[in-house]
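Commentary on secondary and tertiary structure
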Amino acid sequence: MHGSGISIWFFIGVLLAIYGFMICGYGIYEMITGQVAHVALAYLHAPVWWGGIMLALGAFYCLRFRPAKG
Amino acid sequence: MALRLGMFVEAKQQLAHLSALDVVVIAVYFAMVIWIGFYLKQKANTSEEFFMAGREMTAWIAGLSFVSANLGSLELMGWAGSAYQYGILAAHWYWIGAIPAMLFLGLVMMPFYYVSKTHSVPGYLKLRFGESSRVLAAVSFGFMTILMSGVNMFAMAVVMKVVLGWDITFSILMSSLAVAVYVTLGGLRSAIFNEVLQFMLIWGGALLVPILGLIEAGGWTNLKAQILTNYQGIDYTHMWRGLGHFSSNPMGVHWTGIVFGLGFVISFGYWTTDFLVVQRVLAADSLRSAQMAPIIGSFFKMAVPFIVILPGLLALVVLHNPDGTLMHLVGENAVSAANPHSYNEVLPLMLVRYCGPGLLGLGITALIAGFMSGMAGNVSAFSAVWTYDIYQPHIRKNAPDKHYVAVGRWATILGIVVSIGTAYLVMHAQGIMDYVQALFTFFIAPLLGTILLGMFWKRATAAGGFWGLLAGTATSISLFVWVKLDHAALSIVALSPDAKDMAENIYRALWSWVVCVLVTIIVSYFGTARPEAELKGLVYGATVLPNEGPVPLIKNHWFWAAIAVVIFFVLNLIFF
């Protein structure tokens, strides 16, 4: 987008960061408590690393395209 | 793209149960899209802003939106099911069935759409062929777009019922209200913003499935070996080797149909003339961006089979019944206690297999996002065509700009209300669904013939354009009815007694395009062509295309198109 205002990439960053935080957080909770969901390949702890990737990507987009930068 | 939307006709025991975390994930998504709608309301005050997003979209945003508007959830689930049923042949709809056309749009056709400053594809027909062609195209497009929107809405609601046990009315109202809010408030800009957001979500929610699936299957080589062991005699993993004859591949098609019918007529018809996708590119901020957008989109389109086709192939190997035997998915009509799941449940089944709390919510959100992006695409395109091509020229000319913005907003709401009505109509008479989907394809193939001749042949006349379009559409409808009345006619329409339903769609499109082109040429030769001066900006050879000056190689659209072509050929060779 041109001009002033919030970039679409900032919205995407916010959403990815929120999702990443929630999913990664739940994955860590699963690891700590040992109450792992009954899914295939649960031992890979996909929520931890997938959520972590989303959180990192979201944080990058939030910073890179934060509204203050225009 | 031509859709293969299976239906979940019967409500069965739901596949998945959402946790509180999943519900929060879905709720956050809805809050975000509505926030975007309210935020962008301030930027949708003029008709140019509301219908064309102010023509301010960068190439990346227009390109992602261009692909996302096509990436509906039913597209995802339908083609994942097709991959389970037909194997990797289904990837043809993403590669040869999209990439050449997208590159052609960006490199060759976009300058004419963009330079003519048209607001819509029917608007281009008005400039080139006159009012009658525009009205024919606008009415058929508007009518079919809304019907398709309703059909998809119902199908999505039934999916949610089967997967999650949600009430159909709840699903329809929740998703359509959200779309109504953000498109009515923010217009095309809001639709495009949300489509980009939805595109990212679709990848975030769906990419994990093939990654985990490949890990479980032991990699691509092991996957192929297991498919070969489990399904001997059927070639699920080669794209071209089995296309020498109709009977030597599970889809019942021939390579001529794939190359000329799908790769040319259906693909070019959809990607270069369907206003649903072209509208996104017309919103670009410059001709260079408008040309780059479909090229950028082509790279992402080439990657989509990894989240759609690959899960379908993986399901052939990793899905097992509770007793440990291999699960066999069947057609909708063959679902029974022994085989309780249909092809179309592949993606939800794979999601449930790998995704626990949070990730499952993300996957379901991806499906909802896909549905909403498709619906927003339909209603925003309908709103523009209704206002610019029907209301403004025929009902109220020369009204203040604010009036047309208001009409656009009401058209959006009307479009959604009619879509909901169609959804309930289909619910009570599901046979209608097949007809509505086929009807949509009736207009695409002949429209391609009309647009191509109009854009590249100065001799084409207004009468030729109109009668060609009408004759092509009539041919398509006639062939459809003929096969419906007498299924043996399929062997004539699709050129082989071994042809299957998929081949019929492809060859029907091919014949309707041929008739459209022939009639346009013949009628044009009986008339007088417009003076060349009147064709400036509309026809190749009569138009001096703007030169935006030299650019570095990294920003040159021909350079990126060449890379896309190389990747396209490499992918086809790898999976030959």
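A brief structural summary. Throughout this document, residue positions are counted from 1 along each chain, in the order its sequence is written. Each chain takes a letter, starting from A, and each ligand takes a number, starting from 1, following the order in which they are written. Two thresholds apply to this predicted model, a pLDDT of at least 70 for residue-level local features and 80 or more for giving and counting side-chain atom pairs, whereas whole-chain, interface and lining totals are computed over all residues.

All right, on to the overall build of chain B then. In terms of helices and strands, chain B carries 22 helices and 0 strands. With the radius of gyration taken over C-alpha atoms, the globule rule is written as 2.2 Å times the number of residues to the power 0.38. Computed over C-alpha atoms, the radius of gyration of chain B comes to 23 Å, within 12% of the 25 Å expected from 2.2 N^0.38 for 576 residues, which places it in the range of a compact globule. Counting other C-beta atoms within 10 Å of each residue's C-beta, where C-beta atoms are placed from the backbone, gives the exposure class: buried for 20 or more, exposed for 12 or fewer, partly exposed between. Put simply, chain B has 576 residues, and 59% of those count as buried. Taking the intrachain contacts of chain B between residues at least 6 apart in sequence as the baseline, contacts between residues at least 24 apart amount to 85%. Numbering of helices and strands starts at the N terminus; helices are DSSP runs of H or I of at least 4 residues and strands are runs of E of at least 2. Here, residue contact means that the backbone-derived C-beta atoms of the two residues sit within 7 Å.

Now for the packing of helix H9 (residues 208-217) of chain B against helix H15 (residues 346-354) of chain B. Residue and element names in this part refer to chain B. In contact at an axis separation of 10 Å, H9 and H15 are set at 70° when each is read in the N-to-C sense. If you check the angle between H9 and H15, you find them roughly perpendicular. Along this stretch, H9 crosses H15, giving a crossing that reads as left-handed. Two secondary-structure elements touch here, H9 through Leu208, Val209, Leu212 and Gly213 and H15 through Met350, Leu351 and Tyr354. Think of each axis as a best-fit line through the C-alpha atoms, taken over the contacting stretch in the case of a helix, with angles from 0 to 180 degrees between the N-to-C directions. Angle categories are assigned with fixed cut-offs, so that under 35 degrees is roughly parallel, over 145 is roughly antiparallel, 65 to 115 is roughly perpendicular, and the rest are oblique. For any helix crossing, the convention is left-handed if the near helix is rotated counterclockwise from the far helix by under a right angle, and right-handed if that rotation is clockwise.

Across the contact, 28 residues belong to chain B and 21 residues belong to chain A. If you list the elements that add at least two residues to the side of chain B that touches chain A, you get helix H1 (20-40), helix H8 (168-206), H9, H15 and helix H16 (359-394) of chain B. Among the elements that take part in the side of chain B that touches chain A, H1(B) stands out by supplying 7 residues, more than any other. Here the side of chain B that touches chain A is built from residues that sort into 20 nonpolar, 4 polar and 4 charged. Residue polarity is assigned by list, with Asp, Glu, Lys and Arg as charged and Ala, Val, Leu, Ile, Met, Phe, Trp, Tyr, Cys and Pro as nonpolar; anything else, Gly included, falls into the polar class.

As a further point, take the nonpolar core. To form a nonpolar core, buried Ala, Val, Leu, Ile, Met, Phe, Trp, Tyr and Cys residues must be joined through C-beta atoms within 7 Å. Counting residues in hydrophobic clusters, the biggest one holds 227 residues, and the most contacted among them are B:Ala83, B:Val179 and B:Leu313. Setting aside chain neighbours within four positions, we find B:Val179 in contact with B:Met372, B:Met375, B:Ala376, B:Val379 and B:Ile416.

This part takes up helix H6 (residues 121-129) of chain B. Residue and element names in this part refer to chain B. In terms of residue burial, H6 counts as a mostly covered element, since 8 of its 9 residues are buried. All of the buried residues in H6 are Val121, Pro122, Gly123, Tyr124, Leu125, Lys126, Arg128 and Phe129. Just past H6, the residue Gly130 takes up positive phi, approximately 105°.

This part covers the environment of B:Tyr114. All names here are of chain B. As for its placement among the helices and strands, Tyr114 is situated in helix H5 (residues 99-115). Taking the number of C-beta atoms within 10 Å as the measure of exposure, Tyr114 has 22 and is therefore buried. Residues Tyr114 and Ile34, 80 residues apart in the sequence, show an inter-C-alpha distance of 31 Å.

It is worth spelling out H1(B) at this point. Residue count minus one, scaled by 1.5 Å, sets the expected span of a helix. Here H1(B) is 21 residues long and its end C-alpha atoms lie 31 Å apart, about the 30 Å a rise of 1.5 Å per residue gives. If you check which residues of H1(B) are buried, you get B:Leu21, B:Asp22, B:Val25, B:Tyr29, B:Val33, B:Ile36, B:Gly37 and B:Leu40. Next to the buried residues of H1(B) lie helix H1 (8-33) of chain A together with H8 and H16 of chain B.

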